[in-house]
Amino acid sequence: GSLAPTPPPPHLRPSPMEHTMSSMADLPPIHPAPPDFDRWAALHRLLVLSFSGMEGRIDPPSSLTSLSASDLEQMSRTQVLLLGIGASGDPVACAYLRPEPDALYLGKVAIHPDLRGRGLLHHIIAAAEAEARRLGRKTLELETRIELIENHAAFSAAGFRQVAERAHPGFDHPTSLIFRRPVA
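About the criteria used
- Residues numbered from 1 in each chain as written.
- Predicted model: local features only at pLDDT ≥ 70, side-chain atom pairs only at ≥ 80, totals over all residues.
- Heavy atoms only, no water.
- Salt bridge = Lys/Arg side-chain N within 4 Å of Asp/Glu carboxyl O.
- Buried < 20%, exposed > 50% of the residue type's maximum accessible area, 1.4 Å probe, protein only.
- Helix = DSSP H or I, 4+ residues; strand = E, 2+ residues; numbered from the N terminus.
- Expected span 1.5 Å × (residues − 1).
- Pairing = 2+ DSSP bridges.
- Contact = heavy atoms within 4.5 Å.
- Polar contact = N/O pair within 3.5 Å; in protein donor to acceptor, adjacent residues only side chain to side chain.
- Phe/Tyr/Trp six-rings, centres within 6.5 Å; stacked < 30°, edge-to-face > 60°.
- Axes fitted to C-alpha atoms, helices over the stretch in contact; angles between N-to-C directions.
- Core = buried A, V, L, I, M, F, W, Y, C linked by side-chain atoms within 4.5 Å.

Caption draft 1: A look at the pattern of salt bridges. In this structure the tally under the stated criterion is nine salt bridges. A salt bridge links E73 to R77; its shortest N-O distance comes to 3.6 Å. On the accessibility criterion, R77 (56% relative accessible area) is exposed. For R181, the salt bridge goes to E129, with nearest N and O atoms at 3.0 Å. One end of the pair, R181, is in strand β7 (residues 176-182); the other, E129, is in helix α4 (residues 120-135), with 52 residues separating them in the sequence.

Structure representation (structure tokens):
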């Protein structure tokens, strides 16, 4: 008889997420959350995981530290929640869209670390642009912390330009940068 192949050692086996992602034919589409979306705890986990690299790097800490899963659900009642849903049914990418008088603001943009660098940011931006056109906004706006130079680079590569600096309350120096991009 034939012998079964020996499995690779544990450190060479793909993680469950890598296995899930490698079996996906494509990246998940980004769409507004369906009315029956109920995976708020999973969304909260995605945001915490995605923002974890900021801990100890930004001052003041992210507002996410004070947000719960139910707060995220509440936010979705007044803002458009964009989602990319993974094979597990849990969110792997998200952004909240808030209409401002002269722009559509993108907040809480998050992409699962295993999917970064594969183009999902461009899909999020395309979905945000579609929503901006629907709402009659000609500009997308977002804010990122001054310390997060990797975010500045990613947003600049996606067509955003820095237009302003902002200081959080109680700070006498800029803590955030405002980026804008015209809607295509």
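Caption draft 2: Quick look at α4. The end-to-end C-alpha distance of α4, which contains 16 residues, comes to 23 Å, matching closely the 22 Å that a straight helix rising 1.5 Å per residue would cover. Just downstream of α4, G136 is the residue with a positive phi angle, here 75°.

Caption draft 3: Structural detail: the pairing of strand β5 (residues 139-145). Across the seven residues of β5, six count as buried, placing the element largely inside the fold. Of the pairings in the sheet, the one linking strand β4 (residues 103-111) to β5 comprises three bridges and is parallel in character. Across the sheet, Y105 pairs through a bridge with E141, a residue of β5.

Caption draft 4: Expanded view of the environment of R133. As for its position among the elements, R133 is in helix α4. Judged by its relative accessible area of 46%, R133 is partly exposed. In sequence terms R133 and A184 are 51 residues apart; their C-alpha atoms lie 9.0 Å from each other. Among residues more than four places away in sequence, those in contact with R133 are V183 and A184. Within polar-contact distance, the side chain of R133 engages the backbone oxygen of A184 at 2.9 Å.

Caption draft 5: Highlighting the side chain of E129. Taking the relative accessible area as the measure of exposure, E129 reaches 7% and is therefore buried. Polar contacts involving the side chain of E129 include one to the side chain of R181, which spans 3.0 Å. Within polar-contact distance, the side chain of E129 engages the backbone nitrogen of A184 at 2.9 Å.

Caption draft 6: View of the packing of aromatic side chains. Going through the model one piece at a time under the given rule, you end up with two aromatic pairs. Summarising the aromatic geometry, the rings of F155 and F160 are spaced 6.0 Å apart at their centres and angled 70° between planes, so their arrangement reads as edge-to-face.

Caption draft 7: Fine view of the pairing of strand β2 (residues 80-85). With three bridges connecting them, strand β1 (residues 30-32) and β2 associate as antiparallel partners. Note on β2: the bridge partner recorded for I30 is G84. Adjacent in sequence and paired antiparallel, β2 and strand β3 (residues 91-100) are bridged by five residues, among which G89 carries a positive phi angle near 95°.

Caption draft 8: Inspection of unusual backbone geometry at higher detail. For the bond from D59 to P60, the omega torsion is 5°, close enough to zero to count as cis. Following the sequence through the fold, P60 ends up in the loop between α2 (40-51) and α3 (69-75). The phi angle at K108 is positive, at roughly 50°, despite the residue not being glycine. Within the secondary structure layout, K108 lies in strand β4.

Caption draft 9: Summary view of the sheet that holds β4. Pairing is mixed in the open sheet, where seven strands are placed in the order β1-β2-β3-β4-β5-β7-β6. Edge positions in the open sheet fall to β1 and β6 (161-166), since each of these has one partner strand only. On average, each strand axis in the sheet is inclined to that of its neighbour by 30°, with strand direction left out of account. Seen against the sheet, α2 touches β2, β3 and β4 and runs at an angle of roughly 90° to β3.

Caption draft 10: Structural context of the nonpolar core. Core analysis: the biggest nonpolar cluster contains 27 residues, and L106, I124, L140 and F160 have the highest contact counts within it. If we skip the residues at most four places from it in the chain, I124 touches I30, L82, A93, C94, A95, L106, V109, A110 and I111. One finds W40, L72, L83 and C94 within the second-largest nonpolar core, a separate group that totals 18 residues.

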